[in-house]
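Secondary and tertiary structure notes
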Amino acid sequence: MTEAVPLDPWAALRPTTQARIGLPRAGMGMATTTVLELSTALAAARDAVHVPLDTGALLPGMTELGLGTPIELRSRATDRALYLRRPDLGRVPEGLDGLPSGAWDVGFVIADGLSSRAVADHAVPQVAALVKALGHEFRLAPPVLVTQARVAIGDWIGEAMGVRTLLVLIGERPGLSVADSLGIYLTHEPRPGRTDAERNCISNIHPPAGLGYAEAAATAARLVAGARALGRSGVDLKDTSGAPELP
Amino acid sequence: MITTQTVNGHSYRFDSLVDLLAKATPLRSGDELAGCAATSEEERAAAQWALAEVELSTFLSEEVVPYETDEVTRLIMDTHSAEAFAPVSHLTVGGLRDWLLEVAARSGAGDVLTALAPGLTPEMVAATSKLMRNQDLIAVGRACRVTTGFRTTVGLPGRMATRLQPNHPTDDLRGVAAAILDGLLLGCGDAVVGINPAGDSPQVTADLVALVDDVRQTYDIPLQSSVLAHITTTIGLIEAGLPVDLVFQSIGGSQATNTSFGVDLALLREGREAGLSLHRGTVGDNVTYFETGQGSSLSANAHLGTGGRPVDQQTLEARAYGVAREFEPLLLNTVVGFIGPEYLYDGKQIIRAGLEDHFCGKLLGVPMGVDVCYTNHAEADFDDMDTLLTLLAAAGVNFVITVPGADDVMLGYQSLSYHDALYIRNVLGLRCAPEFEGWLVAQGMADPTGKVFGAELGASRLRELVGAVG
């Protein structure tokens, strides 16, 4: 005997929201498939936080961008557990040895942040898109890869290198539905002590579902130009193109 | 106040009440981050011995945050009732713990504790909680009765309400309506339908307020709504004539924390009066709704107290309840695991904090709910949330937060699911708020004993709810 597959009465409503509406029940609980879907989503999010960033795997791609030899650094947070408990340690580099300095207009710091997966999946193509959007106009610094890092670590790195405008590409805190979202934080004239109000952020980069590389790079290019014209970044610097720019 | 305490042959010195409170606090990452935590388990045990000996009257003469510079301290001190305090005024902190457990074990405990509340300061309550195990926090929390009302009555014995939280990343009205529909079909929403707007624009807030009011009237549901915008936005909506039910604000336990939220006591008072002016409640006039959470002061760098020393995050959280009770809220919930692992590291710390917050709030007379929640970078998972929900239900929590599938797709964290509410109602026999329960029974979604079944979409007249939006 074959039974017709029942139509999902929620089908017409699901496109209205990403929220997990109309989940199948088992008694007063959730059906097995739902419980497994949720635990799988949580597993992806937790792996994004805890699987260490394989910087070695990123180096060939970063090197091919033609920005010079990538430099690897670490923060003062010596392991993930300490990183999670002590955000202050993730904001300071363990050392600045090996950093070149030069009269660069734009620098790139690639930081694992809270999602190594976001960096592993999106950092190389995102920097490539940034090089394409910025390279004809500006002198670009070699990329710096830094682990156990928070956004503000870029202030030390940018200052040491003499970078005028710094872009920190960092893994964003994973949600249950998106574990690989990358953010770009722009800081003009980076130096230790800069506050978050002095930065601009492009968030939610994770094509194909989220913001695409070229779109993010175009926004970044407008913000770099705007910061140079204004002489500062942060709350006074607006991207007036109407492109997504999240706080 | 300088205290020394010897345990196991080692002597420990605590150089102020602030220091002693912090070091007596069960381990949590936020106090380590602030640099005020005990540096060893033995130092913590010594601090707890010393704190147990502190006279409760000490808290009326020694300020944790200076009176001169902090209006929260002034509120706490100026509204303290010596009369209500009298039954316990001779006790130490340890003595109060014993007294509370003895009261909780007797009949009529609720009335005794309700009468005591105005005599307790947040600091006394926080101090006592530091000497209590989880079972003590549950036993005394359960004995407290804090009942409030608007269109539903929240906090009655044997009942637990839910906030239905239908957040949407772009505030899409049909998407919000779909999540409301999902929650109503699972019997949620009797505490409030409360929406965190993705944007803080008055127009978006107004549209969401109007949406929930339409749903409420169309289906004749006894519920109240709240759109969790800044209080100034809500006051503006009230002045513009929108159908605002509850006036929401995030608050903290120091003046500087509240400044970081863009509020002060005068503004909270203005917001409450604006809400009261509408006379929209039917069974009560508790018109405010607050959210709090351990760590909010430290994250705003607003955690320093007397002598410039860091105050532990749990004491500051209790002080936030001292702010709240002045404004007679319908609801207050701690957003316990939302802030991240640098404040509450793992499931153990989140569970402990949830029980502490519930106990402290209830003992101070605040209608406590809890957002049982965590973020993906905390060492916690769905099992920890099941545990905390079950413990809080045992403790008699007034309400919990529920979202579709436990996944808040706007705020990016995990709370409880609508299904989790069904689970705990069924296992512990907890009923909905009576007015809402009556509606569920009329819809065939609960039986006359209050057992909630929910309903399938196709079988419910609510299925047209979303189609009518937009």
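These numbers were taken from a predicted model, which means no experiment stands behind them. (Residues numbered from 1 in each chain as written. Chains lettered and ligands numbered in written order. Predicted model: local features only at pLDDT ≥ 70, side-chain atom pairs only at ≥ 80, totals over all residues.)

1. Details of the overall build of chain B
- Within chain B, the regular secondary structure consists of 21 helices and 15 strands.
- Radius of gyration (C-alpha) of chain B: 22 Å, near the 23 Å computed for a compact globule of 470 residues.
- For chain B, the spread of C-alpha atoms along the principal axes amounts to about 70 × 45 × 45 Å.
- Long-range contacts, defined here as pairs at least 24 residues apart, represent 77% of the contacts in chain B between residues at least 6 apart. (Helix = DSSP H or I, 4+ residues; strand = E, 2+ residues; numbered from the N terminus. Rg over C-alpha atoms; globule rule 2.2 N^0.38 Å. Contact = placed C-beta atoms within 7 Å.)

2. Comments concerning the overall build of chain A
- Secondary structure assignment for chain A yields seven helices and eight strands.
- Projected onto its principal axes, the C-alpha positions of chain A cover 75 × 40 × 35 Å.
- For chain A, with 247 residues in total, the buried portion stands at 46%. (Buried ≥ 20, exposed ≤ 12 C-beta atoms within 10 Å, placed from the backbone.)

3. Structural notes on the sheet that holds strand β8 (residues 199-205) of chain A
Residues and elements named next belong to chain A.
- With respect to topology, six strands assemble into an open sheet ordered β3-β5-β4-β6-β7-β8, the strand pairing being mixed. Edge positions in the sheet fall to β3 (71-74) and β8, since each of these pairs with one other strand and no more. Shown here is a sheet whose adjacent strand axes are inclined to one another by a mean of 20°, direction ignored.
- Bridging between strand β6 (residues 165-171) and strand β7 (residues 182-188) involves seven bridges; their strand directions are antiparallel. Counterpart to I170 in the pairing with β7 is G183.
- Packed onto the sheet, helix α7 (residues 213-230) meets β4 (106-111), β6, β7 and β8 and runs at close to 10° relative to β7. (Pairing = 2+ DSSP bridges. Axes fitted to C-alpha atoms, helices over the stretch in contact; angles between N-to-C directions.)

4. Here we look at the interface of chain B and chain A
- The interface of chain B with chain A comprises 33 residues on the first partner and 30 residues on the second.
- At the level of elements, α2 (29-34), α11 (173-185) and α20 (418-428) of chain B are the ones that each hand at least two residues to the side of chain B that touches chain A.
- Grouping the amino acids of the side of chain B that touches chain A by side-chain chemistry returns 14 nonpolar, 12 polar and seven charged. (Nonpolar A, V, L, I, M, F, W, Y, C, P; charged D, E, K, R; others polar.)

5. Some points on the packing of helix α7 (residues 93-104) of chain B against helix α10 (residues 134-143) of chain B
Residues and elements named next belong to chain B.
- Two numbers describe how α7 lies on α10: the axes approach to 9 Å, and their chain directions differ by 55°. When the axes of α7 and α10 are compared, the pair comes out oblique. Both α7 and α10 take part in a crossing whose hand is left-handed. Where α7 abuts α10, its residues R97, L100, L101, V103 and A104 lie against D136, A139, V140 and A143.
- Here the contact of α7 with α10 is built from residues that sort into seven nonpolar, no polar and two charged. (Parallel < 35°, antiparallel > 145°, perpendicular 65-115°, else oblique. Left-handed = near helix turned anticlockwise from the far one by under 90°.)

6. Focus: the nonpolar core
All names here are of chain A.
- Counting 218 residues, the largest nonpolar core has L169 and A220 as its most contacted members.
- Per-element accounting of this core gives the leading share, nine residues, to helix α5 (residues 116-134).
- Not counting chain neighbours up to four residues away, the residues in contact with A220 comprise L130, A133, L167, I184, L186 and I202. (Core = buried A, V, L, I, M, F, W, Y, C linked by C-beta atoms within 7 Å.)

7. Re the pairing of strand β10 (residues 331-335) of chain B
Residues and elements named next belong to chain B.
- For β10, the tally of buried residues reaches five of five residues, placing the bulk of the element in the interior.
- Residues L331, N333 and V335 line one face of β10 and the alternating positions L332 and T334 line the opposite face, and both faces are buried.
- Pairing geometry for strand β9 (residues 288-292) and β10, over four bridges, is parallel. Bridged to T292 within β10 is T334.
- Relative to strand β11 (residues 368-371), β10 is paired through four bridges, and the arrangement is parallel. Its bridge partner being in β11, L332 is matched across the sheet by M368.

8. What to know about the confidence of the model for chain B
- With 100% of its residues at a pLDDT of 70 or more, chain B shows a mean pLDDT of 97.
- With pTM at 0.93, the complex prediction returns an ipTM value of 0.94. (pLDDT = per-residue confidence, 0-100.)

9. Some remarks on unusual backbone geometry
Residue and element names in this part refer to chain A.
- Cis rather than trans, the peptide bond between P207 and P208 has omega equal to 10°.
- With respect to the helices and strands, P208 occurs in the loop between β8 and α7.
- The phi dihedral of Q148 is positive, around 50°, even though this residue is not glycine.
- When the 25 C-beta atoms within 10 Å are taken as the criterion, Q148 is described as buried.
- Phi angles above zero are rare outside glycine, and E189 is one such case at about 50°.
- Structurally, E189 can be placed in the loop between β7 and β8.

10. Description of the packing of helix α9 (residues 122-130) of chain B against helix α17 (residues 313-325) of chain B
All names here are of chain B.
- At a minimum axis separation of 8 Å, α9 and α17 run at an interaxial angle of 140°. Relative to α17, the element α9 lies oblique. Crossing handedness for the pair α9 and α17: right-handed. The segment α9 lies against α17, with P122, E123, V125 and A126 engaging Q314, T315, A318, R319, Y321 and G322.

11. Considering the pairing of strand β1 (residues 3-7) of chain B
- Pairing of β1(B) with strand β2 (residues 10-14) of chain B, which is carried by five bridges, proceeds in the antiparallel orientation. Within β2(B), the position partnered with Q5(B) by the bridge is Y12(B).

12. Quick word on the environment of A109(B)
All names here are of chain B.
- Mapped onto the elements, A109 comes out in helix α8 (residues 109-116).
- Sequence separation of A109 and A143 is 34 residues, and the distance between their C-alpha atoms is 5.9 Å.
- Contacts of A109, omitting those with residues within four sequence positions, involve V103, A104 and A143.

13. Details of the confidence of the model for chain A
- Across chain A, pLDDT averages 93, with 94% of residues at or above 70.
- With pLDDT under 50 throughout, residues 242-247 of chain A is counted as low confidence; its partners more than four residues away or in other chains account for 11 contacts.

14. A word on the environment of S101(A)
All names here are of chain A.
- By secondary structure assignment, the location of S101 is in the loop between α4 (87-90) and β4.
- Given 12 C-beta atoms within 10 Å, S101 falls into the exposed group.
- When the C-alpha atoms of S101 and E159 are compared, they prove to be 9.1 Å apart, with 58 residues separating the residues in sequence.
- Dropping the residues within four chain positions of it, S101 is found in contact with A160, M161 and G162.

15. Considerations on the environment of L89(A)
Residue and element names in this part refer to chain A.
- Among the secondary structure elements, L89 is positioned in helix α4.
- Residue L89 is classed as partly exposed on the basis of its 17 C-beta neighbours within 10 Å.
- Taking the C-alpha atoms as reference, L89 lies 35 Å from Q18; in sequence the two are 71 residues apart.

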